[in-house]
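# Structural description and commentary
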Amino acid sequence: MENIPGFTFFAKAFDYFEELAMLILTVSISVVACVGLFHVVVAVIRMLMQTGLNPTSPDVLQALFGMFFTVLIALEFKHSILVMPDAQAHSLTRMRSVLLIGMMATVRKFIVLDLNGINVPEMVALSGAVLALGIVYWLVRLKIGQSSAS
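Scoring rules and cut-offs
- Residues numbered from 1 in each chain as written.
- Predicted model: local features only at pLDDT ≥ 70, side-chain atom pairs only at ≥ 80, totals over all residues.
- Heavy atoms only, no water.
- UniProt positions renumbered as here; feature names shortened; annotations may be inferred.
- Helix = DSSP H or I, 4+ residues; strand = E, 2+ residues; numbered from the N terminus.
- Expected span 1.5 Å × (residues − 1).
- Buried < 20%, exposed > 50% of the residue type's maximum accessible area, 1.4 Å probe, protein only.
- Contact = heavy atoms within 4.5 Å.
- pLDDT = per-residue confidence, 0-100.
- Phe/Tyr/Trp six-rings, centres within 6.5 Å; stacked < 30°, edge-to-face > 60°.
- Core = buried A, V, L, I, M, F, W, Y, C linked by side-chain atoms within 4.5 Å.
- Patch = residues over 30% accessible without salt bridge, like charges linked within 9 Å, V, L, I, M, F, W, Y side chains within 5 Å.
- Areas by Shrake-Rupley, 256 points an atom, 1.4 Å probe, with all protein chains shown as cover.
- Salt bridge = Lys/Arg side-chain N within 4 Å of Asp/Glu carboxyl O.

An unreviewed UniProt entry lists the protein chain under the name Phosphate-starvation-inducible E, with Neokomagataea thailandica NBRC 106555 given as the organism. According to UniProt, the comment filed for the protein chain under the heading Subcellular location (unreviewed entry) is "Cell membrane".

Structure representation (structure tokens):
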């Protein structure tokens, strides 16, 4: 392919584009995580002012934990972008991060789920998704362990 006229130029141009896109995504996700963290801190302060140190309302806890997971998902997403390309098992490491993001998003859905209006097919689907993501994550971890042992 390197014999094709202009291939090297376009390959380098795409590398620069990819670096710029990763920079923009990293900055954007960092802003989202910072704003989300600010909202979590404000919500915790409001909760402490309203309920004191006895936050027993399930609705309040669901909302807070939902916000916590949103910030964690943003941070994990940023981490998955910043995987170093020279790292061993680069694509497997990135895949592991994506699987973790999927598991956290699904667990967040479980946490914020209103148990009064429970939808059994939705619960079965979410449970199956968590199980499938967990199995794939376990398999990827085994593969990464084998790659680093070689």
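Back to the text.
### What about helix H1 (residues 7-51)?
With 45 residues, H1 ought to run about 66 Å at 1.5 Å a step, and its terminal C-alpha atoms sit 64 Å apart, in line with that. Regarding H1, the residues found buried are Thr-26, Ile-29, Ala-33, Gly-36, Val-40, Ala-43 and Met-47. In this structure, the buried residues of H1 make contact with helix H2 (58-81).

### Observations concerning the confidence of the model for the protein chain
When pLDDT is averaged along the protein chain, the result is 79, and 86% of the positions lie at 70 or above. Mean pLDDT across the elements of the protein chain bottoms out in helix H3 (residues 90-112) (78) and peaks in H1 (87).

### Thoughts on the UniProt feature "transmembrane region" (unreviewed entry) in the protein chain
UniProt tags residues 20-48, 60-77 and 123-140 as "transmembrane region" (unreviewed entry). End C-alpha atoms of residues 60-77 are separated by 26 Å, and the span's content is 100% helix alongside 0% strand. End C-alpha atoms of residues 123-140 are separated by 26 Å, and the span's content is 100% helix alongside 0% strand.

### As for H2
An α-helical segment advances 3.6 residues per turn. Residues three or four places apart therefore align on the same side. Its 24 residues place the ends of H2 34 Å apart at the C-alpha level, agreeing with the 34 Å of an ideal helix rising 1.5 Å per residue. Restricting attention to buried positions, one finds in H2 the residues Leu-64, Gly-66, Phe-69, Val-71, Ile-73, Ala-74, Glu-76, Ser-80 and Ile-81.

### Structural notes on the packing of aromatic side chains
Following the criterion strictly, the structure yields 3 aromatic pairs and no others. Between Phe-9 and Phe-10, the ring centres sit 5.4 Å apart and the planes meet at 70 degrees, which makes this aromatic pair edge-to-face. Note on Phe-10: relative accessible area 57%, which makes it exposed.

### Thoughts on the side chain of Thr-26
Note that Thr-26 resides in helix H1. Residue classification places Thr-26 among the buried residues on the basis of a relative accessible area of 15%. With sequence-adjacent residues up to four places away left out, Thr-26 is seen in contact with Lys-78, Ile-81 and Leu-82.

### A closer look at the environment of Met-22
Relative to the helices and strands, Met-22 is located in helix H1. Sequence separation between Met-22 and Lys-78 is 56 residues, and the spatial gap between their C-alpha atoms is 9.5 Å. Setting aside residues up to four positions removed in sequence, Met-22 forms contacts with Ile-81 and Arg-94.

### Section: the nonpolar core
In terms of nonpolar packing, the biggest core is built from 6 residues, these being Leu-92, Leu-99, Met-103, Tyr-137, Val-140 and Ile-144. For this core, the secondary structure elements donating two or more residues are H3 and helix H4 (120-149). With residues up to four places along the chain from it excluded, the contact list for Met-103 reads Leu-133, Gly-134 and Tyr-137.

### Some details on a nonpolar patch on the surface
On the surface, Leu-20, Leu-23, Ile-24, Val-27, Val-31 and Val-35 cluster together to form a nonpolar patch covering roughly 530 Å² of accessible area. Among the secondary structure elements, Val-27 is positioned in helix H1. A relative accessible area of 46% means that Val-27 is categorised as partly exposed.

### A short note on the pattern of salt bridges
What the rule picks out here adds up to 1 salt bridge. For the salt bridge of Lys-109 with Glu-122, the shortest nitrogen-to-oxygen distance reads 3.5 Å. Of this pair, Lys-109 sits in helix H3 while Glu-122 is found in helix H4, placing the two residues 13 residues apart along the sequence. The class of Lys-109 is partly exposed, set by a relative accessible area of 36%.

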